[in-house]
Each structure stands twice: as structure tokens, then as C-alpha cells.
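If you want the building blocks of each chain, they are given just below.
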Amino acid sequence: MPELNLTSAPAHLRHGSNIGQPLTRRDGVLKVKGQATYAADNHPPGMLFAVMAVASISRGHVTSLDVAAARRHPGVVDVMTSDHKPRLAIDPEIKTNPFVFRMEVLQSNEVRYANQPIAVVIAETLEAATEGAALLAPRYETLPALVGLDAGDSFVPPVVGVGNPTENHRGDVEAGLASAEKRIDAVYETPPQYHNAMEPHAIVAAWDGDNLSVDMPTQGLMLSLARIAELFGIAHDKIHIRSPFLGGGFGSKGLMAGPPVLGIMAAKLVGRPVKLVLRREQMYGPVGHRAPTRQRLRIGTDGDGRLTALDHHARTVSSTFDDFYEPAADASHTLYAAPAIRTSHDAVRVSTGTPLFMRAPGEATGSIALESAIDEMAWACGIDPLAFRLKNYAEVEPITGKPFSSKALRACYEQGAARFGWAKRPLQPRQMRDDAGLLVGWGMGTATFPALMFQAEARAVLRRDGSGAMEIGAHDMGQGAWTALAQIAADELGLDIDRVEFKAGSSDLPDAGIAGGSAHTATAGAAIHSAGAAVIAKLADLATSDERSPLFGAGNAGVIARDGRLIRRDDESRGESYAEILARAGVAEVEARGTGAPNPAAMEEYAMHAHGAVFAEVKVDPELGQVRVTRMVGAFAAGRIVNPRMVQSQLFGGMIWGLSFALHEEAITDRRTGRIMNANLGEYHIPVNADVPPLDVITVEEHDPHVNALGIKGVGEIGVTGSAGAVANAVWHATGVRVRRFPIRIEELLTQP
Amino acid sequence: MKQFDYVRPATVAEAVAAAAQPGAVYLAAGTNLLDLMKGGVSRPDRLVDVTHLDGLDRIERLADGGVRIGVLVSNADLAHDADFAKSYPAVAEALLSGASAQLRNAATVGGNLLQRTRCAYFYDTASRCNKREAGSGCDARDGENRTHAVLGWSENCIATHPSDFCVPLVALDAIVEIEGRNGRREIALDELHRLPGDTPERETAFEPGDLVVAVRLPAAARGFAARARYLKVRDRTSYAFAVVSAAAALRIENGKIAEARLALGGVAAKPWRARAAEDVLRNVAPTVDAFQEAARRALADAKPSGDNAFKIELARRIVVRALSLAVAGTPARIPALPASPFASTSGAIHA
Ligand SMILES: Cc1cc2nc3c(=O)[nH]c(=O)nc-3n(C[C@H](O)[C@H](O)[C@H](O)COP(=O)(O)OP(=O)(O)OC[C@H]3O[C@@H](n4cnc5c(N)ncnc54)[C@H](O)[C@@H]3O)c2cc1C
Ligand code: SF4
């Protein structure tokens with residue numbers, strides 16, 4: 001049926017006060033009691049356990065596997081190898097669309113990166129499968145590994161990120177630099193990082209003839225479903241994926257990776273349900289990561305400290321067999337009002353799994369370099385870093401010249417700085433000490449992240465018992481979609497939240513798109529918004545065209561939906577409940593669908609971004625070089641805040657991630673073999689509680705009429721940006737040592753006697 | 001999985017007999033051993049579980065003024081024993097700076113002494129490692145070795161011993177009581193761990209079946225209670241092994257150092273007692289100059305084994321700082337961030 005898109009001018013108003021409330025997670029009790037069923041908690045009858053054997057070399061070929069030894073092990077049912085596996089319907093090397101990545105699912109004996117799956121052992125118990133995998137004792141023909149940012153010839157990729165141009169410019173950068181009074185030219189390096197979601201990738205797959213049932217954490221139900229359908233040559237309606245809860249994804253569960261496909265293949269091979277769960281170290285390879293970068297920033301200013309040019313070049317890596325390029329330099333497009341800007345990228349290919357989006361892809365890596373460089377430039381000009389940023393505040397988006405749909409960054413700077421006490425910061429580094437003699441430093445960074453929208457659909461129902469339902473295949477990665485989207489649903493249906501049955505996390509529900517790009521609440525919220533408008537319009541039609549209804553004839557004036565009742569807009573004393581309307585009409589329920597989508601006209605006209613300002617205090621031992629962050633304040637403007645509690649927690653998480661970026665995270669890659677030597681959470685450092693200071697988050701009020709009907713901008717990723725640079729800049733301010741290779745290590749700070 | 005026997009002997013004698021056979025290893029809390037088994041690094045044929053042996057879980061004051069720590073006392077119980085912590089504050093501080101609360105609750109004294117190196121190539125069965133497989137080579141030597149040894153290493157192995165606990169213990173002349181096939185004997189802790197030389201696979205002075213039953217601190221160790229600290233520099237504030245650490249203990253009489261004890265952690269295959277440094281501190285005033293000279297002596301033989309030259313300079317600075325902290329006196333309470341350079345920060349959050 002033709003769907004009304006009532007998003008911008010609904011015929012009827014809906015009132016509710018759920019949006020804006022700091023509700024606690026509605027799934028919290030389930031999780032605390034261990035009753036929330038994650039993928040690996042499923043155990044269908046007859047299920048077997050699959051364990052992957054993974055490559056210990058990063059380039060070459062598998063020349064032998066002792067399959068017989070594995071098969072002989074008690075409990076082993078089958079061993080899936082490149083010679084013994086179900087056929088796929090299409091070659092997984094074929095990229096059927098840009099959201100399809102090449103994967104290793106035993107199509108050959110080639111090894112393209114360390115920890116690549118090379119066989120799958122299926123057994124009655126996890127222990128038997130694990131030992132079976134060990135007994136395979138693979139032998140290899142090893143080729144020299146390609147490692148690091150200088151591995152081989154560089155090239156300019158056709159696009160970076162998801163289809164962004166590799167190069168962008170506005171104005172004449174070389175002329176701007178030549179005419180500059182002051183210049184900086186600095187190179188920053190960021191390491192490879194891994195998503196490390198708490199929940200490893202996992203799948204329970206069960207075939208019933210041609211029908212496939214899948215329990216698997218995914219940030220993109222329908223993208224995964226489409227990929228499974230094409231790989232196995234089955235119709236979409238034969239596949240059911242359940243993904244009610246994810247233990248984090250951060251981008252690594254957005255697209256179908258190889259290991260879950262192996263789980264489905266294994267189930268097909270043995271004709272029984274199969275569970276496959278990755279071990280921690282197996283997540284360092286086949287499921288994506290953040291690529292390393294080397295970024296060169298050249299910046300010039302005039303005598304007043306106004307930017308004359310900003311040149312940002314990023315070198316990154318991709319795998320030898322597929323393409324994803326961390327769009328690090330793009331971070332310089334939106335923040336600072338340089339009359340000339342150029343951003344560019346190049347890359348080399350290394351023996352690694354293909355990099356992927358990881359929380360603030362491009363923005364995080366680019367931000368720490370850009371914010372460090374801006375800090376260096378401010379210092380070169382002798383100007384306070386905040387004053388410098390205000391002097392170069394972008395009133396329009398610098399790279400495009402478009403106005404912003406809304407931008408409350410100035411308020412973020414003001415409120416954040418006031419809360420932090422920034423005004424007392426000495427300009428010179430290495431000036432402050434605490435009582436114990438530790439060096440104290442203050443740094444700041446600007447946060448930014450695009451306000452994106454994808455496509456989504458929702459189905460709304462109003463029932464004769466006065467309740468409602470909202471169905472959408474949305475994803476809760478832990479961020480609180482079960483709660484925030486239900487809040488939106490309640491308001492859009494004019495019902496109390498407890499009267500709304502909110503369904504999500506399953507592929508038999510309307511497509512909610514992908515939970516990524518910080519766009520899920522906005523996109524799914526917009527679909528819920530229009531589905532709610534459509535179903536209320538239908539209900540209003542029933543009432544206003546029925547002469548027995550007190551709302552008869554109110555169609556032109558419109559009605560207001562509130563508390564389960566429709567009320568005349570022109571006479572609020574007249575109204576009736578949803579239940580009465582449906583009972584009189586003799587229908588059990590009314591239902592309608594609605595969609596959410598980006599608005600091309602608005603995007604053409606406006607630049608749409610969330611913004612923020614992060615301030616950090618660090619302490620550094622003057623002789624020993626150990627660093628500790630002691631305070632962070634972040635002020636963010638991200639449009640409408642649906643649930644302040646959840647938003648605060650997202651922003652906290654992002655800020656901690658930024659701290660981690662600056663001081664801790666790094667996959668240590670053996671330079672000879674390309675293997676990752678710290679593929680575990682003991683040695684791959686992330687901050688522990690004692691590293692995380694008291695955090696203060698301010699959400700600055702911002703109304704954006706253009707981004708989407710609800711004015712939501714998204715908060716999932718922005719917290720990382722700005723924060724990493726703020727910590728790095730604070731380390732400089734504490735010590736006077738500018739570290740340009742991240743994470744900042746003790747040895748870099750031992751330079752002073 | 002690999003099949004192995006699991007035995008739970010009732011007496012120390014039975015344990016020693018059961019463990020004396022090839023392929024047998026002792027199992028204490030398993031916080032290290034089980035990880036090694038899961039990774040295929042250790043593939044024992046027999047586990048001899050010692051956690052049920054009687055009488056090994058006590059802290060006893062001895063008539064001669066020393067203390068005897070049963071080998072099954074947990075790291076947490078020992079650190080939280082008020083009397084022990086008061087008498088040997090640097091030991092308690094070192095214990096509390098190690099691992100996490102959960103691990104400390106489980107880990108035993110014996111397991112801590114005998115924990116294996118954290119060298120990533122040792123843990124990775126696809127790498128060559130002389131310690132794991134004698135004569136196979138050492139992939140750390142030209143590999144990612146930022147945290148490896150700067151003292152006492154050989155071309156065959158550059159690994160470090162990771163224990164915090166052992167560092168103040170060795171400084172305080174701890175003695176290890178061993179029950180073996182030929183009965184009981186004791187050795188200085190300083191002699192328990194071996195430097196790699198040509199045989200890095202031989203990590204200790206043990207004979208097959210040797211069981212540590214207790215660790216003793218002599219009466220003299222208590223004499224340092226007023227001025228004893230442990231300092232540990234790490235890559236994050238808590239839950240990380242030492243990049244470099246030091247235990248320093250002083251006895252001061254009439255404004256001069258009557259006796260100094262100093263040991264370093266994270267620098268060698270054993271907790272590194274710095275006797276030459278101790279010697280230069282005898283009978284001198286406790287000044288920064290004296291400490292710097294001691295630091296110079298302590299690291300005189302140090303050389304980088306890879307990308308870790310910084311550890312030598314860091315170790316010198318840690319020595320100076322640890323001695324300075326010791327002179328300042330043991331704090332009345334163990335800081336909320338034990339052994340941390342941030343220990344003195346007010347309002348510190350607990351590790
Ligand atoms: C994530 C993590 C972080 C850690 N961080 C630190 C840290 O910061 N500082 C630190 O010092 N340690 C740290 N540790 C190591 C920890 O201290 C050890 O794992 C623990 O002390 C081992 O004790 P256990 O009782 O579990 O020993 P087990 O694992 O049972 O045994 C360890 C070894 O000792 C042998 N053994 C045990 N008891 C005896 C005995 N009585 N006689 C002879 N041999 C014996 C075993 O055979 C085995 O080889 C960390 C460990 C982990 C997992
Ligand atoms: S340093 Fe020692 S433990 Fe590490 S790989 Fe070399 S031989 Fe093995």
C-alpha cells in the first residue's frame with residue numbers, strides 16, 4: 001500500500017512525555033539476572049560445537065592439515081576444510097555491493113593474514129572440537145609478510161571510508177601556506193586497534209531443510225540476511241536471524257564476516273545445529289579492526305592567528321585482497337575555518353585482515369592528529385588553545401561552504417570551559433604541579449561527528465484493549481535501543497510506555513537499517529515517528545468519520561493523540577479513548593507502516609554535524625613518565641536528547657575510548673611475521689577503573705529542524721573524537737614534550753633529565 | 001582436549017612422590033598454569049593439586065623473630081594480614097600492586113614465586129622459544145621486546161620474571177623451604193630463579209618433585225619496617241605488570257644509612273638484588289646524590305636486549321625514587337594505589 005510519509009507535516013498531533021526522560025534500561029533486570037539471551041546462550045536440541053583452526057602465519061599457503069588425527073579424536077564429528085565443505089551459491093570474493101566484504105570461508109588454501117580460519121572442527125563437545133583443532137597441526141609454505149605503513153608501494157585508493165572522495169580541497173593550500181606568518185608541519189602515527197567487544201562473535205545456526213535459523217549478534221540484521229541469502233542461494237523469507245542483544249559491536253558486527261558464515265556452513269555439512277564462538281585471539285583478524293595511520297598536517301596562520309591553510313594527508317593500510325581505507329584526513333573538513341583546505345589519502349597493502357569501521361572510523365584517528373596539530377599551531381602563535389579555536393570558529397562548513405543545520409559548538413566551548421576552569425590555564429607548558437610534585441597539564445579538543453541518516457521502516461499497531469505495538473528490526477548493542485526507541489514509540493502512539501509492546505532485534509520485523517554511523521536512534525526513531533503518525537491518522541479517520549463519535553467532523557481541524565485518547569484540536573473537552581473508537585468500529589486493531597530516510601534536499605542545503613568540546617587534566621610523574629588522567633569534562637551538542645541517562649553513558653564510553661586511544665590501545669604487530677603479539681585483554685591494554693577519572697558530561701541544548709523530524713543527531717561515536725586529542729594535549733601541557741606517536745608511552749616522556 | 005591425570009595427594013610426601021615423575025606439575029590456584037595449559041604452552045601429563053594439603057596455609061611468627069608464610073596462603077590474605085603488613089610493608093605493597101583483586105584472592109604464595117615469564121613469544125606456540133622448547137631459538141630477541149630484560153640476559157633468552165611479590169622478598173633475604181625426594185632443604189630466594197645462560201628452559205634450582213612449602217623472612221627483615229617501599233611503573237594505573245619496579249628498604253641510625261636493601265623487578269629473569277648499590281649506601285647520609293650513585297651501580301651492567309634501552313634509565317630513576325620514598329618513611333596506611341607513582345595523590349581511586 002502507498003505509505004504516507006507524515007514526518008514533516010503530520011495531520012494530527014501526538015503528545016507524550018517519554019522522550020527526554022532518563023529511564024533506566026528496560027532490559028536491565030534481565031541482564032542483571034543473566035536472563036537476557038545472547039547468541040551463544042542458545043542451545044537447540046542436537047547442537048554440535050564448532051571450533052575454528054586459524055592460521056599462525058600471515059601470508060602463504062596451508063600445505064597440510066592432519067585431518068585424520070583430528071577425526072580420530074573422540075567426540076569429533078567432522079572436519080570442514082577447503083577440500084570438504086558445502087558449496088556456496090556464489091563466490092564470496094565477488095563484491096555484490098559496497099557493503100560486502102571479501103571473507104575467508106575455506107575457499108582455498110591461501111593464507112592472507114594471521115588468525116585467518118583454515119579449518120573448522122565440529123564435535124559433540126567444545127573440548128573435543130578445541131582439541132581436534134589443535135590436532136590439525138597445520139603446515140605452511142610461508143611468504144614474507146607485508147607489515148607496517150611502509151610495506152611496499154603506496155597508491156591512491158579510489159575512495160576512502162564508505163565512498164568518500166580520496167582527495168578534497170577548497171582554496172589554494174600551497175599559496176595559503178606560503179603566505180602564512182607561522183607554520184607547523186608535523187607527522188602523527190596511530191596504531192592498529194581492535195574492536196574487542198566484550199561479547200565475541202558467535203553464531204548458532206540450524207537448518208531445517210531449506211530454512212535457516214540463526215542466532216547471531218549483528219548491527220545490521222537485513223544486510224546480514226541478504227548476504228547469507230546470496231551466499232547460500234536461498235530466499236530471504238527462508239532465513240530468520242535473531243539478535244535481541246549484543247555485547248557490544250563498535251562496527252565489527254555491522255557486516256557479515258567470515259566466521260558466522262563458517263558456522264552456517266558447518267551446520268549444513270553435518271545436518272545438525274552448530275554453535276561457533278570465536279576465542280578472544282581469533283577476533284584479531286577475520287572480524288575487522290581500525291587500520292594504523294601516519295598523518296602529516298601542515299597548517300599556516302597569519303599574524304593574527306587566523307588560519308591561512310590546512311593540509312591533512314593520511315597514509316593508511318588495507319588488506320592485500322580487499323579495500324577499506326580509514327578516512328582519517330576527512331576529520332579536517334568541518335571544524336576550522338581555513339580559507340584553503342586540502343585532505344588526501346594514500347595507502348599500502350599489508351598482510352592483515354581487512355580493516356573496517358571502528359567507533360568513529362576516520363573521525364577518531366583524524367581527530368587526535370588534527371587536535372594535536374591545532375594545539376601545536378596555537379602554541380606557535382602564543383595563543384590559548386580555546387581562544388585559537390574560537391578565532392578560527394567555522395560559521396559555515398569550511399570544505400563546502402554550506403551553512404550548518406545547527407551548531408551549538410560555541411556553547412559547548414563556553415560551558416565546558418567554565419565547568420573545567422579552563423580560564424586559569426597557564427599558556428606555557430610544564431607550569432603546574434600538584435601537592436605531591438606531579439606535573440599537571442590541561443588540554444582540550446573539539447569533538448565532531450556527522451549527523452547521518454539511513455533507511456528504516458517500522459510498523460505501528462493500536463489495539464482494541466487500548467494497547468499498542470511498535471515493530472522494528474532495530475539493534476541494541478548495549479547502547480539502550482530497547483529503551484530509547486520504546487520511548488519514542490510511546491510518544492508517537494500517544495500511549496504510556498508500559499502500554500506499548502516494543503519489538504526489535506529480529507529479522508522478521510521491518511528493516512531498521514544498520515546500527516552504525518551514530519544514526520540508529522535518528523533513523524529508527526524517524527521510522528517510528530512516521531509509523532506512529534500513520535496509525536494515528538487511520539484511527540482518527542475511524543473516529544472523525546463516524547457520527548457516533550464525539551470527534552465526528554474533526555477531521556479538518558485535526559486531533560491530538562494523548563494518553564490513549566484522541567482529542568479535538570479545536571475543543572479539548574471532546575475526545576474518546578483508542579479502545580472506544582476501535583470497539584465501536586468493530587475492528588481488533590489498526591496498523592500502519594512508516595519509513596525514516598535522509599532528506600536529500602536538506603542535505604543539499606545544510607552541513608549536518610554534532611559537535612562538542614572536551615577538556616582533560618592529566619598528571620605525569622616528572623621523572624618516571626607515567627601518566628594518569630585525573631579529570632575530564634565534555635560538553636556536547638547533539639540535537640534532541642531522547643534519554644539523558646543513556647546519552648550520558650554513550651558519551652562517557654566515548655570519552656573513555658578517547659583516553660584509551662591517547663594512552664593505551666595498540667595491537668603490537670611483530671614486524672617480521674605480521675602476527676599480533678598481544679591478542680588478549682591482559683596485554684592489549686584498555687583503561688581499567690583506576691585509569692578512568694571522574695567524568696563530567698554536559699549536553700548542550702540544541703534544536704535542529706533539518707536533520708530529521710525528531711531533531712536527533714546521534715551520540716554513539718562523537719565522544720571518542722576531541723577526547724583523544726584533549727588527553728594528548730594535556731600530556732604536552734604537563735610535560736612540554738610533544739608526543740606524536742600514539743599511544744603515548746612512558747619512554748617518550750623520559751626525555752627530560 | 002589433551003588427557004592428563006589429576007591427583008590430589010593427602011600429604012606432602014605423597015605430593016612429592018606424585019610430582020617427581022616426568023610430565024607432572026604442581027597445581028596451586030591455577031591462575032597462571034591453567035592459562036598456559038589452555039594455550040597449549042604447558043601440556044602436562046599429570047597435575048598434582050596441592051591446594052588441599054594440610055598446614056600450608058598459615059602465617060607463623062617464629063621464636064627467633066622471623067615469620068614463616070605457608071605456601072598456600074593467598075596473595076590477598078597475606079597482604080591484608082595486619083601484623084604482616086606492618087612488619088613487612090614493602091611486601092604487602094608489592095602484593096597489592098599485582099594483578100587484580102580477583103586474581104590476588106585466588107593466587108597462592110607458591111604460585112606467585114613460580115609463575116612463568118610473560119614474554120609474548122613464550123605464550124605463542126607458533127613462535128620459537130628456547131624456554132618452551134629448548135634449542136628452538138628465541139623470537140623475542142629480534143622481535144617486539146620493549147618490555148624484555150636489561151640485566152642478566154643471554155642471547156638465548158631475554159625474558160623477565162614478572163612477580164612483584166618476589167622483589168621485596170629477595171631484598172629482605174627471604175628463604176624458601178623446599179620438600180623434595182631427599183627430604184627438606186632450604187635455599188635463599190635469590191638462588192631460586194636462574195639466569196638464562198645457555199639453558200633458559202631451566203628456570204629454577206628445583207629438582208623433579210620439589211615442592212615449596214613455605215617462605216621465611218629472617219628476623220632482620222623486620223628491622224626495615226619503618227622505611228620500606230615498593231614502587232612499580234606500569235603502562236596503566238592498575239592491572240598491569242611492571243615495566244620496571246623496585247623495592248627499597250633502609251635502616252637509618254644517627255642520620256646515616258646503617259643498612260640498605262634494594263631489588264629491581266621487571267629487569268631480569270629473576271628478582272634482581274642490587275648488592276653493589278646496597279654497599280655504596282652503607283654508612284652514608286641518605287642524600288639524593290648517594291641514591292644516584294646507588295642507581296648507577298645497580299644498573300652498571302645493564303644493556304638493552306632490544307627496543308628497551310629506556311628501561312635502564314627508567315630503572316635508575318626508580319631506584320632513586322624508591323630510596324627517597326623509603327627515607328621519607330613507610331606511610332601509616334598502604335596507599336589506595338599501592339606502589340604507584342600516583343600513590344600520594346589525594347583522592348586517589350582504589351586500584
Ligand atoms: C591477567 C593477569 C595479571 C597479572 N598481573 C600480575 C602482576 O601485576 N604482578 C604479579 O606479580 N603477578 C601478576 N599475575 C600473576 C599472578 O600473580 C600469578 O598468576 C599467581 O601468583 C600464580 O599463583 P597460582 O597459585 O595461581 O599458581 P599456579 O598457576 O597454580 O601455578 C603457577 C606455577 O607455580 C608452580 N607452583 C605452584 N605452587 C607451587 C609449589 N608450592 N611448589 C612448586 N611449584 C609450585 C606451578 O606448577 C606453576 O608452574 C597476573 C596474572 C594474570 C592472569
Ligand atoms: S625471551 Fe625467552 S621466553 Fe621469550 S621467546 Fe626468547 S627464549 Fe622464549
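That block above? That's the structure.
The sections below set out a description of the structure shown in this document. (Residues numbered from 1 in each chain as written. Chains lettered and ligands numbered in written order. Predicted model: local features only at pLDDT ≥ 70, side-chain atom pairs only at ≥ 80, totals over all residues. Heavy atoms only, no water.)

Examining the sheet that holds strand E3 (residues 60-64) of chain A
All names here are of chain A. One open sheet holds the three strands; their spatial order is E5-E3-E7, and the pairing between them is antiparallel. Of all the strands in the sheet, the pair left with one neighbour each is strand E5 (110-111) and strand E7 (139-142). Pairing analysis gives two bridges linking E3 to E5, with the strands arranged antiparallel. The residue of E5 that forms the bridge with His-61 is Glu-110. (Pairing = 2+ DSSP bridges. Helix = DSSP H or I, 4+ residues; strand = E, 2+ residues; numbered from the N terminus.)

So, the site of ligand 1
All names here are of chain B. Taken together, 31 residues sit near ligand 1, with Tyr-26, Gly-30, Thr-31, Thr-108 and Asp-164 positioned nearest. Here Thr-31 contributes a side-chain N or O atom positioned 2.7 Å from an oxygen atom of ligand 1. Here Gln-115 contributes a side-chain N or O atom positioned 3.4 Å from a nitrogen atom of ligand 1. Breaking the shell around ligand 1 down by element, the ones donating at least two residues are strand E2 (24-27), helix H7 (109-113) and strand E8 (211-217). Looking at the shell around ligand 1, the element that brings in the most residues is H7, giving three residues. Taken together, the residues of the shell around ligand 1 break down into 17 nonpolar, eleven polar and three charged. (Near = heavy atom within 4 Å. Polar contact = N/O pair within 3.5 Å; in protein donor to acceptor, adjacent residues only side chain to side chain. Nonpolar A, V, L, I, M, F, W, Y, C, P; charged D, E, K, R; others polar.)

Some details on the interface of chain A and chain B
Every contact between the two is made by 38 residues of chain A and, on the other side, 41 residues of chain B. Summing both partners gives a buried area of about 3400 Å² for chain A against chain B, and 53% of it is carried by carbon and sulfur. Broken down residue by residue, the surface that chain A buries against chain B is led by Leu-624, Gln-626 and Arg-628 of chain A, which jointly contribute 20%. Where chain A meets chain B, there are seven salt bridges. Note that Asp-621 of chain A is salt-bridged to Arg-321 of chain B, the shortest N-O span being 2.7 Å. Those elements that place two or more of their residues in the side of chain A that touches chain B are helix H3 (126-135), strand E28 (609-620) and strand E29 (627-637) of chain A. Tallied by class, the residues present in the side of chain A that touches chain B amount to 15 nonpolar, eight polar and 15 charged. (Contact = heavy atoms within 4.5 Å. Buried area = accessible area lost by both parts, 1.4 Å probe. Salt bridge = Lys/Arg side-chain N within 4 Å of Asp/Glu carboxyl O.)

Quick word on helix H12 (residues 578-585) of chain A
Residues spaced three or four apart along an α-helix point in a common direction, a consequence of the helix completing one turn every 3.6 residues. When H12 of chain A is considered as a whole, its buried residues turn out to be Tyr-578, Ile-581 and Leu-582 of chain A. Within H12 of chain A, the buried residues cover an arc of 90 degrees as seen down the axis, which keeps them to one side. (Buried < 20%, exposed > 50% of the residue type's maximum accessible area, 1.4 Å probe, protein only. Arc of directions from axis to C-beta.)

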